Amino acid sequence: MRAGPNEAGRLAELVRIIWPEHTLEELTRIITDYMTAKESAVFAETADGQYVGVALCCLRHDYVEGCETSPVGYLEGVCIHEAYRRRGVAQRLVAECEQWAREMGCTEFASDCELTNTASLDFHLAVGFQEENRLICFRKTL
């Protein structure tokens, strides 16, 4: 189901699974922004009266690795409560994000993960993504 702004605070704890560097207040703000922006959406699944999964998606107009069109639907994050993993929750949430992207006129859907996050890589491949590239980014202070 598509989640609304009144659920942002309750979903922040779940999102903290994938973005632990943020405070709950920051995550609530981030999720609210995704929920209220025209080109993004948040989908959530409940079980036993609690939120057990959440997925955030958006449209990207900049270059997206391996894609040929613009905008591209983009899976920004998906997180599932540990007790509900391997039950199809994430797959259903990604399918909702993909449907939303289709409705927004997209013909491609993309995502990313860190090179060291093998669990995320395995998940992406399992739900139908194909790997396009591997990348190491660099920076230096000037």
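In the block above lies the structure referred to throughout.
Below, the structure is looked at part by part. (Residues numbered from 1 in each chain as written. Predicted model: local features only at pLDDT ≥ 70, side-chain atom pairs only at ≥ 80, totals over all residues. Heavy atoms only, no water.)

Further remarks concern the overall build of the chain. Within the chain, the secondary structure is distributed over four helices and four strands. Along the chain, from the amino end to the carboxyl end, the secondary structure elements read α-α-β-β-β-α-β-α. A compact globule built from 142 residues would reach a C-alpha radius of gyration of about 14 Å, and the chain, at 15 Å, matches this within 12%. Overall, the chain is about 40 × 40 × 30 Å in size when its C-alpha atoms are taken along their principal axes. Taking all 142 residues of the chain together, 40% fall into the buried category. Of all intrachain contacts in the chain linking residues separated by at least 6 positions in sequence, the fraction that spans at least 24 positions is 56%. Carbon and sulfur atoms form 50% of the exposed surface of the chain, whose accessible area is close to 8900 Å². Mean positive and mean negative side-chain charge positions of the chain (14 and 23 charges, respectively) differ by 3 Å. (Helix = DSSP H or I, 4+ residues; strand = E, 2+ residues; numbered from the N terminus. Rg over C-alpha atoms; globule rule 2.2 N^0.38 Å. Buried < 20%, exposed > 50% of the residue type's maximum accessible area, 1.4 Å probe, protein only. Contact = heavy atoms within 4.5 Å. Areas by Shrake-Rupley, 256 points an atom, 1.4 Å probe, with all protein chains shown as cover. Lys, Arg positive; Asp, Glu negative; His and termini not counted. Charge placed at Lys NZ, Arg CZ, Asp CG, Glu CD.)

Describing two packed helices takes the angle between their axes plus the distance from one axis to the other. Packing of helix H1 (residues 8–15) against helix H2 (residues 24–36) brings their axes to within 8 Å, and their N-to-C directions diverge by 115°. One finds that H1 runs roughly perpendicular with respect to H2. Here H1 runs over H2; the crossing is right-handed. Where H1 abuts H2, its residues Ala8, Gly9, Leu11, Ala12, Glu13 and Val15 lie against Leu24, Leu27, Thr28, Ile31, Thr32 and Met35. (Axes fitted to C-alpha atoms, helices over the stretch in contact; angles between N-to-C directions. Parallel < 35°, antiparallel > 145°, perpendicular 65-115°, else oblique. Left-handed = near helix turned anticlockwise from the far one by under 90°.)

Let us look at H2. With 13 residues, H2 extends 18 Å from end C-alpha to end C-alpha; this agrees with the ideal 18 Å at 1.5 Å per step. Its buried side turned inward, H2 meets H1, strand S1 (40–47), strand S2 (50–60) and strand S3 (72–80). (Expected span 1.5 Å × (residues − 1).)

Per the counting criterion, the structure on display carries three salt bridges. For Glu76, the salt bridge identified is with Arg60, shortest N-O distance 2.9 Å. Pair noted here: Glu76 is in strand S3 and Arg60 is in strand S2, with a separation of 16 residues, a long-range link. Notably, a salt bridge pairs Arg134 with Glu131, separated by 2.6 Å at the nearest N-O pair. You can call Arg134 partly exposed: its relative accessible area is 47%. Glu131 sits in the partly exposed class, given a relative accessible area of 42%. (Salt bridge = Lys/Arg side-chain N within 4 Å of Asp/Glu carboxyl O.)

With that settled, the discussion passes to a nonpolar patch on the surface. On the surface, Leu115, Ile136 and Phe138 cluster together into a nonpolar patch covering about 370 Å² of accessible area. In this fold, Leu115 is placed in the loop between strand S4 (109–110) and helix H4 (118–126). (Patch = residues over 30% accessible without salt bridge, like charges linked within 9 Å, V, L, I, M, F, W, Y side chains within 5 Å.)

Here the structure, examined in full by the defined rule, presents one aromatic pair. Stacked on the ring of Tyr74, the Lys or Arg Arg60 has its end atom at 3.6 Å from the ring centre. (Phe/Tyr/Trp six-rings, centres within 6.5 Å; stacked < 30°, edge-to-face > 60°. Lys NZ or Arg CZ within 6 Å of the ring centre and 35° of its normal.)

Here we come to the nonpolar core. The nonpolar side chains of a soluble globular protein tend to be buried with one another. The biggest cluster of nonpolar side chains holds 23 residues, and the ones touching the most others in it are Leu11, Val15, Ile31, Met35, Val42, Val54 and Leu56. The set of elements that each furnish at least two residues to this core consists of H1, H2, S1, S2 and S3. The leading source of residues in this core is H1, at five residues. Residues contacting Ile31, with those up to four places away along its chain left out, are Ala8, Leu11, Ala12, Val15, Val42 and Leu56. (Core = buried A, V, L, I, M, F, W, Y, C linked by side-chain atoms within 4.5 Å.)

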